[in-house]
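Architecture and fold: a report
Below, each chain spelled out in residue letters.
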Amino acid sequence: MTYSIGIDYGTGSGRVFLVQTENGKIISQYIKPYTHGTIDEELNGQKLPHGFSLQNANDYLEVLEEGIPHVLKESKVNPNEIVGLGIDFTSSTVIFVDKDMNPIHNKSGFEDNPHAYVKLWKHHGAEAEADLLYNTAIKQKKRWLGNYGYNVSSEWMIPKIMEVMNKAPEVLEATYAIMDAGDWIVNKLTSQNIRSNCGLGFKSFWEEENGFHYDLFDKINQTLSDVVRNKLEAPIVNIGNTAGRLSDEMANKLGLTANTQVSPFIIDAHSSLLGIGSEREGQMTMVMGTSTCHLMLSKEQKKVPGISGSVKGAIIPELFAYEAGQSAVGDLFEYAVNQAPKSYIDEADERGISIHQLLEEKTTNKLPGSSGLIALDWHNGNRSVLSDSSLRGSLFGLTLHTKHEDIYRAYLEATAFGTKMIMQQYEDWGMHVEDVFACGGIPKRNKLLMDIYANVLNKKVTVIDSEYAPAIGAAILGAVAGGAYKTVKDAAQAMKEPVLYEIEPDPSKVERYALLFNSYKELHDIHGYKKARIMKSVASLVE
Ligand SMILES: Nc1ncnc2c1ncn2[C@@H]1O[C@H](COP(=O)(O)OP(=O)(O)O)[C@@H](O)[C@H]1O
Ligand SMILES: O=C(CO)[C@@H](O)[C@@H](O)COP(=O)(O)O
């Protein structure tokens, strides 16, 4: 019997899973909320600018140092039988390190410097830099930008590097290497300095054929090109290969053996496709957590406007992986939960259920549209298809009698409408959606949400019986790196998570949601671009 370890670094916590390579059976698991959480309001007493989302890289090491010894102790598995280890991580979560791979925020004199900290994937401090990259690429008629949906997100690597260049040159001066946090964990485990093709391909303007797009960086300035060449660029390891074995130091520290192979990191949402066994064209997989990522696979590369990117071999070696997404989904529902009236909080406490469950219960039997509410789900900007992180959410149709559960449901529905916009974009550009899968931390917890998605999308939705598909995907890559399987596809089919249930559309609800979607589409177009100045002028007064 052999085993592999999958470690899923989500937005709020790290999750370590020990699984059987034969069938993906979870033998032991450990979930560690990040000690410092997400640093977004203030850092050591200093107020942070709006849109900042930082993390402390030491928290990521705690996941390793606590989680791996825990699963070994609990399972009593012989470490010699653990052939591989895989890492999935949110992206682009950017870390700046010195030549010993130590985060700059650990260095004396940098403790209070926000730009020395990890820029979480949802950090929105690099809007101006993203706009400059986009406008320069458009002016230079860079056709390759079509592989990134003809947009540049402030959530990606290069704008975040430019932000530090512009706002904190002292951090850059002290920095030896820059990378995705997922690459950093792999490098800490193997004492190397490598990069994964998945992270670079989706978030760093790197393509296997041409490498980094210095043709664009040079147009910004020579410093940017030099920083990318000297600090970001490094040997690349493709998904499906091994990044190398555990270092002796880490093997001893964690209780593993130096024979354990480590897979290059994969982006968390992308890892879910492996975890659910999605491996062919025509399948749209929604990975629903803090955010939602809408992933598809194709034999061809198509330039689909408004999606986040397409990268060959980022998930399944011989296919192009496509990504689109919504920056606030679980975050949006959390926002609604946090606005719940005290009476609801007390009722949920008395009954020992979550506020989510109480709100779902109170609104689950209502007819679509019965509240008269409709919302735009842009509380953290719009990633796809508008790619504008400065956009803001809104709620229409409020009356003096509107109930909080109706507002909660309006947000659930808004994320479904936003998903329909993305699905239609894929289909309009030749990528037919046959099957819709739902996985991640949310689908299993909210049946009403899945009912809404099936009826808004008018598609059967297959809900996966696992909140941990990304971790299983990472374990699958660990198993391949460790030689338990010859191909990623074979490993995914053997180790994938099971289906929990399938939900079919209900024609009566589909009809009502079609009317609501038309209204959503009009509001989307008005506030997304036709009259975007209305919300932007209000936002201009934000400190
Ligand atoms: N019953 C529920 N219905 C809808 N959303 C939920 C429910 N329970 C938790 N959530 C949301 O799930 C999100 C966490 O999902 P998870 O996949 O664990 O996050 P991530 O992988 O992004 O760290 C939170 O944003 C939370 O608001
Ligand atoms: O950006 C990506 C994928 O490209 C994700 O890492 C990011 O949306 C965060 O995902 P989670 O919602 O935290 O799982």
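Residues numbered from 1 in each chain as written. Chains lettered and ligands numbered in written order. Predicted model: local features only at pLDDT ≥ 70, side-chain atom pairs only at ≥ 80, totals over all residues. Heavy atoms only, no water.

We now examine the overall build of the protein chain. Each helix and strand counted, the protein chain has 19 helices and 26 strands in total. Radius of gyration (C-alpha) of the protein chain: 22 Å, near the 24 Å computed for a compact globule of 543 residues. A burial count over the protein chain gives 62% of its 543 residues as buried. The contacts of the protein chain with a sequence gap of at least 6 include a subset with a gap of at least 24, amounting to 73%. In the form shown here, the protein chain has an accessible surface area of approximately 20,500 Å², with 49% of it arising from carbon and sulfur atoms. The protein chain carries 53 positive and 69 negative side-chain charges, and their two centres are separated by 3 Å. (Helix = DSSP H or I, 4+ residues; strand = E, 2+ residues; numbered from the N terminus. Rg over C-alpha atoms; globule rule 2.2 N^0.38 Å. Buried < 20%, exposed > 50% of the residue type's maximum accessible area, 1.4 Å probe, protein only. Contact = heavy atoms within 4.5 Å. Areas by Shrake-Rupley, 256 points an atom, 1.4 Å probe, with all protein chains shown as cover. Lys, Arg positive; Asp, Glu negative; His and termini not counted. Charge placed at Lys NZ, Arg CZ, Asp CG, Glu CD.)

Across its 13 residues, helix 2 (residues 127–139) extends 18 Å between first and last C-alpha, which sits within 8% of the 18 Å expected from 1.5 Å per residue. Among the residues of helix 2, those classed as buried are Glu129, Ala130, Leu133, Thr136 and Ala137. Projected down its long axis, helix 2 shows its buried positions confined to an angular sector of 135°, all on one face. Along helix 2, exposed side chains directed more than 90 degrees from the buried face belong to Ala128 and Lys139. In the core, the buried residues of helix 2 are packed alongside helix 3 (157–167) and helix 7 (214–220). Within two residues after helix 2, lysine 141 carries a phi angle of roughly 50°, on the positive side. (Expected span 1.5 Å × (residues − 1). Arc of directions from axis to C-beta.)

Checked against the element boundaries, alanine 174 lands in helix 4 (residues 169–174). By relative accessible area, which is 22% here, alanine 174 ends up partly exposed. With 64 residues separating them in the primary sequence, alanine 174 and phenylalanine 110 have C-alpha atoms 9.7 Å apart. In contact with alanine 174, other than residues within four places in its own chain, are Val97, Asp98, Ile104 and Phe110.

Take the site of ligand 1 next. Every one of the 16 residues lining ligand 1 counts as a neighbour, but Thr11, Arg15, Thr290, Gly330 and Glu334 are closest to it. For ligand 1, an oxygen atom lies 3.0 Å from a polar atom in the backbone of threonine 11. Contact with the protein chains removes 84% of the 590 Å² of surface that ligand 1 exposes when unbound. The biggest single contributor to the shell around ligand 1 is helix 11 (residues 330–337), with four residues. (Near = heavy atom within 4 Å. Polar contact = N/O pair within 3.5 Å; in protein donor to acceptor, adjacent residues only side chain to side chain.)

The next thing to look at is the pattern of salt bridges. Using the criterion set out here, one finds 32 salt bridges in the structure. One salt bridge in this structure joins glutamate 323 and lysine 203, with 3.6 Å as the shortest N-O distance. With glutamate 323 in strand 21 (residues 320–326) and lysine 203 in helix 6 (residues 197–203), this residue pair connects regions lying 120 residues apart in the sequence. Using a relative accessible area of 2% as the deciding quantity, one classes glutamate 323 as buried. Lysine 203 sits in the buried class, given a relative accessible area of 4%. In the salt-bridge network here, residues are joined through shared partners; they are Glu155, Lys203, Glu323 and Arg383. (Salt bridge = Lys/Arg side-chain N within 4 Å of Asp/Glu carboxyl O.)

Next up on the list: the sheet that holds strand 18 (residues 283–288). Pairing within the open sheet is mixed, and its seven strands lie in the order 20-21-19-18-24-25-26. Two strands in the sheet have a free side with no partner beyond their single neighbour: strand 20 (309–312) and strand 26 (499–503). For this sheet the average axis-to-axis angle between neighbouring strands, irrespective of direction, equals 25°. Sheet topology places strand 24 (residues 435–439) next to strand 25 (residues 461–464); three bridges connect them, and they run parallel. Within the sheet, the bridge partner assigned to alanine 438 lies in strand 25 and is valine 463. Against the sheet, helix 14 (residues 404–428) engages strand 18, strand 19 (292–298) and strand 21, with an angle of about 150° to strand 21. (Pairing = 2+ DSSP bridges. Axes fitted to C-alpha atoms, helices over the stretch in contact; angles between N-to-C directions.)

Turning next to the UniProt feature "domain: Carbohydrate kinase FGGY N-terminal" (unreviewed entry) in the protein chain. The UniProt record marks residues 3–275 with the feature "domain: Carbohydrate kinase FGGY N-terminal" (unreviewed entry), using the residue numbering of this structure. The distance from the first to the last C-alpha atom of residues 3–275 is 16 Å, and the span holds 36% helix and 22% strand. (UniProt positions renumbered as here; feature names shortened; annotations may be inferred.)

Moving on, we come to the packing of helix 14 against helix 18 (residues 507–530). Orientation of helix 14 relative to helix 18, taken along the N-to-C sense of each, is 80°, at an axis distance of 10 Å. Accordingly, the angle class assigned to the pair helix 14 and helix 18 is roughly perpendicular. Within the contact between the two elements, helix 14 uses Arg409, Glu413, Ala414, Phe417, Gly418, Lys420, Met421 and Gln424 and helix 18 uses Tyr513, Leu516, Phe517, Tyr520, Lys521 and His524. Grouping the amino acids of the contact of helix 14 with helix 18 by side-chain chemistry returns seven nonpolar, three polar and four charged. (Parallel < 35°, antiparallel > 145°, perpendicular 65-115°, else oblique. Nonpolar A, V, L, I, M, F, W, Y, C, P; charged D, E, K, R; others polar.)

Once that is clear, we can look at the packing of aromatic side chains. For the structure on display, the rule yields 18 aromatic pairs. Aromatic side chains tyrosine 148 and phenylalanine 205 sit 4.9 Å apart centroid to centroid with 80° between the ring planes, which places their arrangement in the edge-to-face category. With tyrosine 148 in the loop between helix 2 and helix 3 and phenylalanine 205 in the loop between helix 6 and strand 12 (206–207), this residue pair connects regions lying 57 residues apart in the sequence. Taken together, Tyr9, Tyr34, Tyr60 and Phe89 form an aromatic cluster joined through their ring pairs. Looking at lysine 420, its charged tip hangs above the ring of phenylalanine 517, at a distance of 5.3 Å from the centre. The ring of tyrosine 501 carries the charged tip of lysine 447 above its face, separated from the ring centre by 3.5 Å. (Phe/Tyr/Trp six-rings, centres within 6.5 Å; stacked < 30°, edge-to-face > 60°. Lys NZ or Arg CZ within 6 Å of the ring centre and 35° of its normal.)

With that settled, the discussion passes to the site of ligand 2. Around ligand 2, a shell composed of 14 residues is seen, among which Thr11, Ser91, Asp268, Ser291 and Glu323 lie nearest. Here an oxygen atom of ligand 2 sits 2.4 Å away from a polar atom, N or O, in the side chain of threonine 11. Within the side chain of aspartate 268, one N or O atom sits 2.7 Å away from an oxygen atom of ligand 2. Burial of ligand 2 by the protein amounts to 94% of the accessible area it has alone, namely 380 Å². Taken together, the residues of the shell around ligand 2 sort by class into three nonpolar, seven polar and four charged.

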